[in-house]
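Single-letter residue listing:
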Amino acid sequence: MSLLIVDNCINCDVCEPECPNSAISMGPNIYVIDPNLCTECVGHYDTPQCMEVCPVDCISKDPDHAESAEQLQSKFRQLTGQA
């Protein structure tokens, strides 16, 4: 699954620089995660770094973008040119 930032985001700016895929950007009101770029840090880290640093726990799995571990790994390879 891709990850999702929910409405209780306080725009603290700590998640964006932690994303190795540059999937996090400022949206109209809060930060957003591009599901086409989010690999949940698969291939880079053992855990999603944005979730690790978020002080208000406003990042969760996005039920609208379900992906298996294999799909996330494949996306990682594609994004990094290892396909």
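A brief look at the structure comes next. (Residues numbered from 1 in each chain as written. Predicted model: local features only at pLDDT ≥ 70, side-chain atom pairs only at ≥ 80, totals over all residues. Heavy atoms only, no water.)

## Some points on the overall build of the protein chain
Right, so step 1: Counting its regular elements, the protein chain contains two helices and four strands.
Right, so step 2: Counting from the amino terminus, the protein chain carries its helices and strands in the arrangement β-β-β-α-β-α.
Right, so step 3: Taken over the C-alpha trace, the protein chain has a radius of gyration of 12 Å; the compact-globule value for 83 residues is 12 Å, and the two agree within 12%.
Right, so step 4: Taken along the three principal axes of its C-alpha coordinates, the protein chain extends 35 × 25 × 25 Å.
Right, so step 5: Within the span of the protein chain, comprising 83 residues, buried residues form 33% of the whole. (Helix = DSSP H or I, 4+ residues; strand = E, 2+ residues; numbered from the N terminus. Rg over C-alpha atoms; globule rule 2.2 N^0.38 Å. Buried < 20%, exposed > 50% of the residue type's maximum accessible area, 1.4 Å probe, protein only.)

## Observations concerning the pattern of salt bridges
Right, so step 1: Within the structure shown, the criterion is met by two salt bridges.
Right, so step 2: Note that E40 is salt-bridged to K61, the shortest N-O span being 2.7 Å. Separated by 21 residues along the polypeptide, E40 in the loop between strand 3 (31-33) and helix 1 (49-53) and K61 in strand 4 (residues 59-61) bring together distant segments of the chain.
Right, so step 3: Accessibility expressed as a relative area gives 45% for K61, which makes it partly exposed.
Right, so step 4: The partner of E67 in a salt bridge is K75, and the shortest N-O contact between them spans 3.1 Å. (Salt bridge = Lys/Arg side-chain N within 4 Å of Asp/Glu carboxyl O.)

## Some remarks on the nonpolar core
Right, so step 1: Grouped together as the largest cluster of nonpolar side chains are 15 residues, with contacts concentrated most on I5, C15, I24, I33 and I59.
Right, so step 2: Those elements giving two or more residues to this core turn out to be strand 1 (3-5) and strand 3. (Core = buried A, V, L, I, M, F, W, Y, C linked by side-chain atoms within 4.5 Å.)

## Here we look at the environment of P48
Right, so step 1: Of note, P48 is situated in the loop between strand 3 and helix 1.
Right, so step 2: In this structure, the C-alpha to C-alpha distance between P48 and S25, residues 23 residues apart in sequence, is 16 Å.
Right, so step 3: If we ignore the near neighbours within four places in the chain, the residues touching P48 are L3, E40 and C41. (Contact = heavy atoms within 4.5 Å.)

## Considering helix 2 (residues 69-79)
Helical geometry note: an α-helix holds 3.6 residues per turn, so side chains three or four residues apart project in the same direction.
Right, so step 1: Of the residues making up helix 2, those classed as buried are L72, K75 and F76. Seen from one end, helix 2 has its buried residues packed into an arc of 105°, which puts them on one side. Facing away from the buried side of helix 2, by more than 90 degrees, are the exposed residues E70 and Q78.
Right, so step 2: With its phi angle positive at about 75°, G81 sits one or two positions after the end of helix 2. (Arc of directions from axis to C-beta.)

## What about the side chain of N21?
Right, so step 1: Note that N21 resides in the loop between strand 1 and strand 2 (24-26).
Right, so step 2: Exposure remark for N21: the relative accessible area of 13% places this residue in the buried category.
Right, so step 3: Excluding residues within four positions of it along the chain, N21 makes contact with L37, T39, H44 and L79.

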